[in-house]
Structure formats: structure tokens, C-alpha cells
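Okay, here's what each chain looks like letter by letter:
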Amino acid sequence: MAVANYLYLSAILFTIGAIGVVVRRNSIVVFMCIELMLNAANLAFVTFARINGNLEGQVVAFFTMVVAACEVVVGLAIIVTIYRSRRSASVDDASLLKR
Amino acid sequence: MQTSENLLWLIALPLFSSAILLLAGKRANSWGHIMGTIVSASTFTIGIIEFFAMQSRSEENRAVTQKIFTWISVGSFNVDASLLLDQLSICFVLLITGVGTLIHVYSIAYMSHDLDRRRFFAYLNLFIASMLLLVLGDSYLNLYVGWEGVGLASYLLIGFWNEKPAYATAAKKAFVANRVGDVGLSLAIMISFATFGDVSFSGMKDSVDQASSTQLTAIGLMLLLAACGKSAQFPLQSWLGDAMAGPTPVSALIHAATMVTAGVYLITRSNFVFDAAPIAQLMVLIVGGVTLLFGAIIGMAKDDIKKALAASTMSQIGYMILATGLGPIGYAFAIMHLLTHGFFKASMFLGAGSVMHGMKDEVNMRKYGGIGKFMPITFLTFGLGYLAIIGVPPFAGFYSKDKIIETALNEGGIKGLILGSATLLGAMITAFYMTRVVILTFFGNERWGHKDEPHESPALMLVPIGLLSVGSVASGYLLYKGDWLVHWLEPVVNPLKVHHKELLPPIVVSIMAVAVVLIGVSIAVLKYRGEQSDKAPERVSVFTRAARKDLFQDNFNEATFMRPGQSVVKNLLNIDYLLIDGLVRGVGSVSLNAGNKLRVIQNGYVRSYALLMVVGALALIATIWVVTA
Amino acid sequence: MINFALDVGTTATPESYLFYFLAPLSVLAALGMLLVKKAVHSALLLAWVMISLAIFYIAQEALFLGIVQIVVYTGAVMMLFLFILMLVGVDTSDSLEENIPGLRPIAIVAAIGFGGLLVSLISRATFNRPIYGLSEANAEGNAFGIAAELFTRYVFAFEVVSALLITAAIGAMVLGHSQKSKSKNSQRDLSIARFRKDSLKDASGLPSAGVYALHNAVDVPALLPTGQAAPSSISSVLQARGDIIESATFEMKKDEEEEK
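Here chain A is described in UniProt, under the heading Subcellular location (unreviewed entry), as follows: "Membrane". According to the UniProt record, the Sequence similarities (unreviewed entry) comment for chain A is "Belongs to the complex I subunit 4L family."

Draft legend 1. Layout of unusual backbone geometry. For the peptide bond that leads from Phe234 of chain B to Pro235 of chain B, omega is 5 degrees, which places it in the cis range. Along the chain, Pro235 of chain B falls in the loop between α8 (213–231) and α9 (239–242). Cis geometry marks the peptide bond from Pro393 of chain B to Pro394 of chain B, where omega comes out at 5 degrees. Tracing the backbone through its elements, the reader meets Pro394 of chain B in the loop between α16 (376–390) and α17 (396–410). Backbone geometry at Ala232 of chain B places phi at a positive 55 degrees, although glycine is not the residue there. With a relative accessible area of 0%, Ala232 of chain B lands in the buried category. The residue Glu61 of chain C is not glycine, and still its phi comes out positive at about 60 degrees. Tracing the backbone shows Glu61 of chain C in the loop between α2 (39–59) and α3 (63–88).

Draft legend 2. Looking closely at the packing of helix α13 (residues 278–301) of chain B against helix α14 (residues 305–324) of chain B. All names here are of chain B. The contact between α13 and α14 brings their axes to 7 Å, and the two run at 160 degrees. Accordingly, the angle class assigned to the pair α13 and α14 is roughly antiparallel. Considering the relative orientation of α13 and α14, their crossing is left-handed. Contact with α13, carried on its side by Gln281, Val284, Leu285, Gly288, Gly289, Thr291, Leu292, Phe294, Gly295, Ala296, Ile298 and Gly299, involves Ala308, Ala311, Met314, Ser315, Gly318, Tyr319, Ile321, Leu322 and Thr324 of α14 and no other residues of that element. Of the residues contributing to the contact of α13 with α14, the split by class is 12 nonpolar, 9 polar and no charged.

Draft legend 3. Seen up close, the interface of chain A and chain C. Taken residue by residue, the interface counts 65 residues in chain A and 91 residues in chain C. Of the roughly 7,100 Å² buried where chain A meets chain C, counting both sides, 74% is carbon and sulfur surface. Here chain A and chain C share 2 salt bridges between them. Salt-bridge contacts for Glu56 of chain A lead to Arg153 of chain C; the nearest nitrogen and oxygen are separated by 2.1 Å. Of all the elements in the fold, those that place two or more residues in the side of chain A that touches chain C are α1 (4–23), α2 (27–52) and α3 (56–86) of chain A. It is α3 of chain A that contributes the most residues to the side of chain A that touches chain C, 21 residues altogether.

Draft legend 4. Structural view of the layout of surface pockets. All names here are of chain B. Of the volumes computed, that of the largest pocket is approximately 1,100 Å³. Along its surface, the largest pocket is lined by 39 residues, and Ala166, Thr169, Ala170, Asp242 and Ala245 are the ones closest to its centre. Elements represented by at least two residues in the lining of the largest pocket include exactly α6 (165–196), α9, α14, α15 (328–358) and α23 (553–599). The greatest single-element share of the lining of the largest pocket, amounting to 9 residues, is contributed by α6. Class assignment for the residues of the lining of the largest pocket results in 19 nonpolar, 8 polar and 12 charged. The space that makes up the second largest pocket amounts to roughly 730 Å³. Forming the boundary of the second largest pocket are 22 residues, of which Phe44, Leu94, Phe343, Ser475 and Leu478 lie nearest the centre. Broken down by class, the residue content of the lining of the second largest pocket amounts to 18 nonpolar, 4 polar and no charged.

Draft legend 5. Spatial organisation of empty space enclosed by the protein. Residues and elements named next belong to chain B. Under the counting rule described, the total for this entry stands at 2 cavities of 30 Å³ or more. Space inside the largest cavity adds up to approximately 50 Å³. What lines the largest cavity is simply Ile390, Gly391, Phe398, Lys401, Asp402, Ile405, Ala427, Ala513, Val514 and Val517. Those elements giving two or more residues to the lining of the largest cavity turn out to be α17 and α21 (506–528). Looking at the lining of the largest cavity element by element, the count peaks at 4 residues for α17. Glu148, Gly151, Leu152, Phe175, Asn178, Arg179 and Asp182 are the residues that line the second largest cavity.

Draft legend 6. Representation of the packing of aromatic side chains within the structure. Residues and elements named next belong to chain B. The full count for this structure, using the stated rule, is 31 aromatic pairs over all chains. Between Phe92 and Tyr265, the aromatic rings sit 4.9 Å apart at their centres with planes inclined by 75 degrees, giving edge-to-face as the arrangement. In this pair, Phe92 is assigned in helix α3 (residues 87–110) and Tyr265 in helix α11 (residues 262–269), connecting sequence segments 173 residues apart. Overall, the relative accessible area of 1% leaves Phe92 in the buried class. By relative accessible area, Tyr265 is classed as buried at 0%. Residue placement shows Lys527 over the ring face of Tyr528; its charged tip is 5.4 Å from the ring centre.

Rules behind the numbers
Residues numbered from 1 in each chain as written. Chains lettered and ligands numbered in written order. Predicted model: local features only at pLDDT ≥ 70, side-chain atom pairs only at ≥ 80, totals over all residues. Heavy atoms only, no water. UniProt positions renumbered as here; feature names shortened; annotations may be inferred. Helix = DSSP H or I, 4+ residues; strand = E, 2+ residues; numbered from the N terminus. Buried < 20%, exposed > 50% of the residue type's maximum accessible area, 1.4 Å probe, protein only. Axes fitted to C-alpha atoms, helices over the stretch in contact; angles between N-to-C directions. Parallel < 35°, antiparallel > 145°, perpendicular 65-115°, else oblique. Left-handed = near helix turned anticlockwise from the far one by under 90°. Contact = heavy atoms within 4.5 Å. Nonpolar A, V, L, I, M, F, W, Y, C, P; charged D, E, K, R; others polar. Buried area = accessible area lost by both parts, 1.4 Å probe. Salt bridge = Lys/Arg side-chain N within 4 Å of Asp/Glu carboxyl O. 1 Å grid on protein atoms, 1.4 Å probe; cavity = no way out; pocket = protein on both sides within 12 Å on 5 of 7 lines; lining within 4 Å. Points joined across faces, edges and corners; volume = space filled by probe spheres on them. Phe/Tyr/Trp six-rings, centres within 6.5 Å; stacked < 30°, edge-to-face > 60°. Lys NZ or Arg CZ within 6 Å of the ring centre and 35° of its normal.

This is how it looks when you write it as C-alpha cells:
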């Protein structure tokens with residue numbers, strides 16, 4: 001089996017995540033799709049680390065995880081705040097920019 | 001050259017006084033007129049001191065100068081704000097401050113009932129300062145500052161009673177007409193700078209040989225245009241009659257004695273330009289000749305005493321301009337006539353003011369009549385001025401006007417004939433209309449139609465008039481005696497000491513002049529001796545009609561400049577509206593429409609923005625795909 | 001010339017079994033996450049994808065990352081997701097109907113186009129050398145190798161990231177801290193509000209419970225002068241709890257009225 005298969009898998013997961021971000025309206029699900037995209041990228045990093053024979057890809061993936069964790073914490077706090085004022089978790093309801 | 005700080009004080013004193021009077025407001029109401037008069041008198045004192053100091057020096061060292069500050073210093077172009085007092089300037093300084101002081105005194109009484117007397121004196125002082133700067137500036141640029149200053153003062157004073165719309169309009173008219181002349185002066189300065197790289201009188205005089213005659217002609221014509229504007233000469237003469245809207249002292253000081261003669265000063269000061277530019281000099285002659293007849297003809301038909309005098313002023317300045325056009329010998333006579341005219345015309349204007357004062361501000365001469373016995377002193381002084389202006393020997397006007405006629409005739413040939421007959425004709429008409437003024441005002445029946453008898457004016461008004469009429473009697477002889485003024489001005493205007501030829505003996509010319517004057521007086525006496533009606537006759541010749549309408553000068557201006565100007569402006573407005581505004585609005589509406597169309601993309605939904613990002617990523621990766629293929 | 005250089009480094013057979021077994025499952029789980037209606041199901045499916053990825057990491061000699069993936073993602077992050085889901089409301093399921101016209105087809109076409117191009121790009125990538133593998137780098141253990149990298153070359157980035165974490169924690173606290181935007185109504189406010197109502201029926205306050213009633217208790221409705229019971233006299237809390245005696249039982253019967 002070719003190592004490149006991991007990269008194909010990564011690309012497919014990334015695409016599914018991108019579709020989810022655009023199509024789903026529940027802000028939490030949108031968030032989960034973003035996490036999926038990040039994980040897909042991480043998989044690619046890990047695979048490249050293996051191909052290149054050094055650990056830099058893994059270190060970058062590690063940093064990605066940390067940043068993703070931060071992002072989740074803040075993002076979910078924002079979702080909760082919005083929910084508290086709007087009673088809705090749909091991203092379409094937060095469309096004040098239009099007006 | 002010697003310096004003298006007095007020159008600075010000459011200008012600074014009235015300028016500060018004016019500023020104080022304007023800034024102090026009502027607080028200065030009680031003492032403003034006193035201060036204005038004292039300041040004016042002190043400038044006159046300085047002028048006298050300087051005059052005697054100058055006289056005591058030898059001819060080469062008479063001029064003094066004073067640098068105030070460096071005004072412009074750009075590369076090789078340096079202009080100092082500095083003053084120059086020479087033989088020519090001192091004549092003007094004495095005239096301005098002397099007549100000015102007398103008129104200040106006169107105004108104290110004349111304006112005593114006006115609530116705004118303080119403001120009036122502030123403007124008068126501003127005028128004195130500007131006029132002194134005009135005659136003391138040592139370069140055209142300095143002169144220009146004074147030139148604009150007197151224009152401003154004139155505007156403010158003509159429109160002094162600006163609550164009357166007609167007066168405000170008159171002020172505006174004077175200002176606009178003067179603007180045309182001012183453009184001429186600024187163009188002359190620019191051409192001078194381009195030609196000489198210098199705008200000072202001395203610098204230009206020294207390098208006048210290096211300029212081509214075309215350049216000098218251009219400068220001369222532009223200077224003539226400036227002189228026409230300021231001195232109410234043809235074709236910019238129309239504002240002077242309306243300028244009589246100002247208080248009478250203003251008419252006497254600014255629009256008779258001093259400011260309107262600034263054009264004569266300008267041409268005399270620029271003698272080196274005109275002497276080297278024959279075409280410009282010929283134009284000066286033409287302008288002078290036309291205006292002297294033009295003003296005289298208008299003067300015959302005017303019933304408004306001030307407008308008749310204004311027309312006379314125009315005509316007399318025509319004499320002066322004509323004299324300046326006669327070349328080196330003419331300048332001195334122009335200045336001589338200017339000085340004598342300053343005396344007798346100011347005296348007559350103030351006399352007219354006195355009459356108006358006694359007649360409840362009535363200006364129509366047809367409603368006067370027989371005032372002589374009610375106002376004997378005014379009558380006497382006015383009569384002296386009258387004798388002076390028509391040129392009866394030995395009064396002042398005789399000497400100065402006679403000299404101009406003589407010089408004009410001595411030009412010889414067809415030119416001399418035309419100029420000589422024009423000046424003689426002018427003298428005759430002058431005699432006619434001035435006699436008319438005197439008869440209608442002081443002789444004949446009382447036509448004012450109300451019971452109140454006219455009363456003589458207070459002493460505060462009569463004393464200045466009296467002093468001025470002394471000047472109008474004596475000044476001519478004093479200036480003429482032994483060609484005093486001619487010699488005095490020689491270093492300034494007549495460096496070549498051209499010896500003028502004599503075609504006719506002077507005594508013949510004098511006899512001719514007196515003869516035409518007598519003819520003019522006789523006709524007027526015969527015509528107006530028994531004037532009964534207080535209405536102007538309706539059935540008059542077409543010439544009288546034309547003269548009453550100022551020879552259609554306003555109609556001409558309206559048809560030639562105002563209407564086409566207005567239509568040009570209207571069309572420009574349309575162009576501006578359709579083309580330029582259309583362009584701007586087009587850009588605006590295109591942007592607006594494009595924005596409205598693009599706004600749809602900005603629907604506020606986060607997901608649509610995410611979609612755009614996805615599309616962008618697709619485009620990016622497609623590019624990479626194509627590039628690496 | 002296309003050189004499938006990646007083919008040079010083929011993996012051992014067990015790993016390929018693992019891949020062919022888990023990869024389709026994780027793709028299916030990801031697709032499911034996209035399609036299911038309930039957010040909780042999505043979260044569970046995502047957890048499955050993450051666990052699969054953790055297994056792939058371990059299979060690719062990234063033991064440390066694999067463990068971290070399980071601990072941080074499936075352990076912490078996914079639990080956080082579920083926790084928030086509980087908070088926001090489990091049943092705020094979102095309808096899958098699209099309300100932005102044209103968005104869904106464009107999104108799917110664009111994303112699939114993107115993925116297709118990406119796959120195509122990977123497939124034609126050239127890599128003119130063998131795959132090295134991590135046996136050398138992981139000689140002293142994967143965690144040791146990563147630690148060596150982190151605390152030497154990437155120590156500055158590491159510190160910055162730690163600052164980011166703290167900032168994020170504080171940020172979440174600030175965002176989560178709720179402050180009442182409006183002070184609690186005082187008696188005065190309530191009184192004003194009563195008079196501002198459409199009718200002045202309740203302007204003097206709601207009737208007290210038990211007034212004119214046979215029983216005097218908080219759960220007994222007051223009787224209006226007409227003889228009718230007034231349910232509004234009973235606290236809404238009691239009503240919500242159902243601890244209320246039916247108002248009608250206290251109403252004055254018609255025949256009673258006639259007797260009087």
C-alpha cells in the first residue's frame with residue numbers, strides 16, 4: 001500500500017469538512033466540521049513527517065492541536081454567548097451584518 | 001540715498017489710527033473723529049517737515065528712502081517693502097495730507113449727525129494711509145498694495161450709507177470697474193518682472209534700454225488700463241458719477257482731489273516706460289482727449305450738483321492724462337494741473353456739500369436758485385473755485401490749464417491741431433457747464449419750494465473751504481512762477497531736459513484760452529439767466545438726452561459686457577451642470593448601481609462567506625493544478 | 001513523465017489491512033456527520049473519525065500524537081462539544097432545508113471540485129527519493145524525539161502557544177461570564193408597569209389568594225365580587241407545579257346564589 005493513500009484520505013476528509021461548514025446551519029455542527037478539517041490537515045502533516053523522515057511534521061501537527069483546542073474553547077464560548085442573547089444556535093440567525 | 005524714518009510714520013500713524021477706530025467700536029464714538037483729524041494733521045506736519053528738509057538739500061540728494069522689511073526674496077528676485085520720497089511723491093504727500101486734513105476737519109461738522117461718524121473717520125484714515133503708501137512705494141509691487149488699499153477705502157466710503165441699495169450698488173460698480181484697471185496693473189507688474197526681473201522704479205528705469213519696444217508698449221498699455229480704472233478715464237469712466245453716492249467729503253477727497261488722480265501719478269511715475277513706447281503714449285493722448293470731452297459733455301446735462309462736479313472731475317483728469325501723454329514736458333504740467341485741481345475741485349465739492357447741508361441734502365440744482373444771498377461765504381468760496389476751474393487769470397486753473405493747451409498746440413502738425421482744438425473746446429464747455437452750475441445754484445429765483453430759508457454752514461465747515469479756496473486762488477501762480485514745479489520735478493520726469501519748441505507765442509495761446517472761456521460763460525449766462533422752472537425741460541435735443549444718460553456709457557457696458565457676460569456664465573453653468581456634474585454624478589451612479597448589484601453577495605449569512613472562501617480555494621488550487629500540469 | 005515516487009515507500013501488509021478497514025469507515029463516519037439531523041449524533045460520529053485518525057497516527061510512528069489525539073480531542077474537545085450541546089439544547093436540531101437559494105449545489109460542486117483537484121495533484125506529485133520512515137528519528141522513542149524538537153528548535157513557538165492557551169482560557173471565561181444587562185425590577189418599576197398596561201384591571205395589584213374564599217391558603221384562589229374564582233391570585237410557580245386546587249371548585253354555584 002502506498003503511503004500516499006493517507007494523503008488521499010486526508011483530502012477527502014478535508015473536502016467533507018468544507019462541505020459541512022457551508023451546508024450545515026447548527027453552529028456546533030459547523031464547528032465540528034472545522035475540527036474535522038483541522039484533523040484532516042493533521043493527518044497530512046503526520047504523513048509528510050513519515051515521508052521526510054523527521055519529526056517536524058508531527059511538531060506542527062502538535063501545535064495545530066493546541067491552537068485548535070484554544071479555538072474550540074473560545075468558539076464555543078462565543079456560541080454560548082450568542083445563544084444566550086438570541087436563543088438560537090443557527091448561524092443564519094446571526095446575520096446582523098446585512099442590516 | 002538718505003533714509004528717513006518719518007516715511008514710516010507717515011503711513012503707520014493713519015493705519016494704526018484706522019485700526020484703533022475700527023476695533024474700539026462704540027467706545028471710540030466720543031473721541032474717534034478728534035483722533036482721526038489729529039492723526040491726519042500730524043501726517044501733514046511730517047509732510048511739511050520733509051518738504052522743507054528736501055528743499056534744503058541739493059537737487060541730487062533730495063530723494064529719501066526707507067526700507068521697512070524684506071518682503072519677497074526668491075533667488076534673484078528681491079522686493080523690499082520700502083518707501084521712496086522724491087520730488088514727485090512729496091507733491092502728492094502734501095496734497096493728500098493737506099487736503100485730507102482740511103476735509104477731516106470739515107467732516108467733523110458735516111458728519112456730526114451721523115451715528116457712524118467714527119467708522120467714517122476710520123475709513124478716511126485708512127484711505128490716507130493707503131494713498132500715502134501708493135505714492136511712497138518704491139516699486140510697482142508696493143504701489144500695488146496702496147493701489148488696492150485706496151480701492152478698498154473708496155469702496156467702503158462710497159457705500160458708507162449702504163443701507164440704501166442704490167448706494168451699495170454704486171460702491172460695487174466702482175469696485176468692479178476698478179478691478180478691471182487693477183488687472184491691468186497686475187499684468188503690467190508681471191510683464192515688468194518678466195522683462196526686467198525687477199519691479200522697482202529705479203531698477204526698471206536703469207535697464208529700460210534693454211527692453212524691446214513691444215514689451216514696453218505692453219507694459220505701457222497695461223499701466224494705462226490701470227490708470228483708466230482708477231482715474232475714471234474712458235472707457236472705464238462709468239463708475240465715477242455713481243460714486244457720488246458717498247458722503248460729500250469723500251467725493252471731495254477721494255473722487256476729486258486725490259485717489260482719482262492716482263492714474264496721473266502712475267503714468268508720471270512710469271514716464272520712462274511711456275517715453276520709450278510711442279504707441280502707448282499715443283493711446284494716453286487719445287484716452288485723455290476723449291475723456292476730457294466726454295466728461296465735459298456729460299457735465300453740461302447733469303442737474304445733480306455732485307454729478308455735474310464729478311463729470312467735471314473726469315474731464316479735468318482727462319486734461320491731466322492728455323498732458324502726461326505729451327511726453328517729458330507734459331508731466332510737470334499734468335502734476336501742476338493735478339495740484340491746482342486738487343484745491344479748487346475739493347473747495348467746490350465742499351462748497352456743494354455746504355449748500356446741500358443748508359438745503360436739507362437736496363442735490364438737484366433746479367431746486368436751488370438764489371442761494372448766494374443766504375450763504376454768502378459758501379458763495380464766495382465756490383465762486384473762487386469756479387473762476388479757478390474755468391481758467392480765468394490769475395486764478396490757479398488758468399496757469400495749469402493754459403500750459404496744457406499750450407503744450408498740446410505746440411505738438412505741431414495735425415496732432416497738435418486736434419489736441420489743441422480738443423483742449424480748447426474742453427475749456428469752452430467747462431466754462432459753459434460750470435457757469436450753469438453757479439447760475440442755477442446761486443443766482444436767479446428761489447426754486448426750492450419750501451418755506452425754510454437755507455442757512456450758512458458752521459465755521460468748522462467754512463474754514464476748510466476757505467483755506468482750500470485760498471489754495472485755488474494762489475497755488476497756480478506759486479507753482480507757475482519761474483517754472484518752479486517744472487524745475488522741481490526735472491530730476492524725476494525729465495532727465496533728458498528736452499527743450500520744447502514753441503509754435504505759438506504763449507500770450508496768443510492765453511488769449512485764445514480766455515476767449516473760449518468767455519464764449520462758454522456768455523452762452524451759459526444767456527441760456528440760464530432767467531431760469532424759472534424747477535423741472536428739467538422735457539423737450540430737448542437728442543444730444544442733451546444722450547448727455548443726460550451719460551452718453552449711454554451704462555447702456556454700452558450693459559450691452560457689451562454685462563449681458564454677454566451673463567449669458568456666458570449661464571452657458572458655463574449649463575456646461576458645468578451637464579458635463580462636469582454629469583461626469584461626477586455618472587461616476588457616482590455607476591458606483592452606486594455596481595454597489596447595489598454587488599450588495600446581494602453581502603447577504604449577512606456567514607455560510608455564504610464560507611462558500612466564497614471555498615470557491616476561492618477552488619480557484620487557487622485550480623490555478624496550481626493548471627500551472628503545474 | 002509522471003513518476004509515482006510515493007509508491008517507492010510501500011507499507012507493511014498489516015498496516016495496509018488496517019488502512020483499508022478503517023479508512024472507508026472514517027470516511028463514512030464523516031459523511032454521516034454531515035448528513036444526520038441531530039447534533040449529538042454528529043458529535044459521536046466525529047469522535048469515531050478522531051479515534052480512527054489517532055489509530056492512523058500511531059500506525060505512522062506518531063505514538064505521542066496518537067495518544068494526544070485521543071486524550072485532547074476525543075477526551076476533552078469532544079466532551080466540551082457535547083457539554084455545550086447539552087447547554088444549548090440537545091433538541092435544537094437543525095432542519096436540513098436550505099434557505100439560501102443556490103448555496104448548497106454551489107458548495108457541493110465547489111468542494112468536490114476542490115477535493116478532486118487536490119487528489120489529482122497528490123496523485124501526480126513527484127518525489128525523487130525513497131520514503132525515509134521515522135525509525136531513525138524515533139530511535140529514542142517518539143515522545144523523546146518530539147520533546148527534543150519542541151524544546152530546542154520550537155521553544156519560542158511553544159512558549160507563544162502556551163500564552164495563547166492562557167489567553168483563550170481567560171477569553172472563554174470573559175465570554176461566558178454573564179452580567180445582567182438590566183437591574184432587577186423594583187416595586188416602583190412594577191407599579192409603573194401595571195399602570196402602563198392596556199387595561200387598568202390589575203392596576204391595584206392582583207387579588208390576594210384566599211380572599212373571600214372558604215379556605216384561607218396560598219393555593220386557594222380568591223373569589224371576585226361576582227363570585228367567580230380568580231386564578232390570577234395564585235402564584236404562577238404553584239400553577240406550574242400543579243400544586244393548585246381547581247379554581248372552579250370554589251366558585252359560587254348558581255343555586256347557592258339563588259338561595260341567597
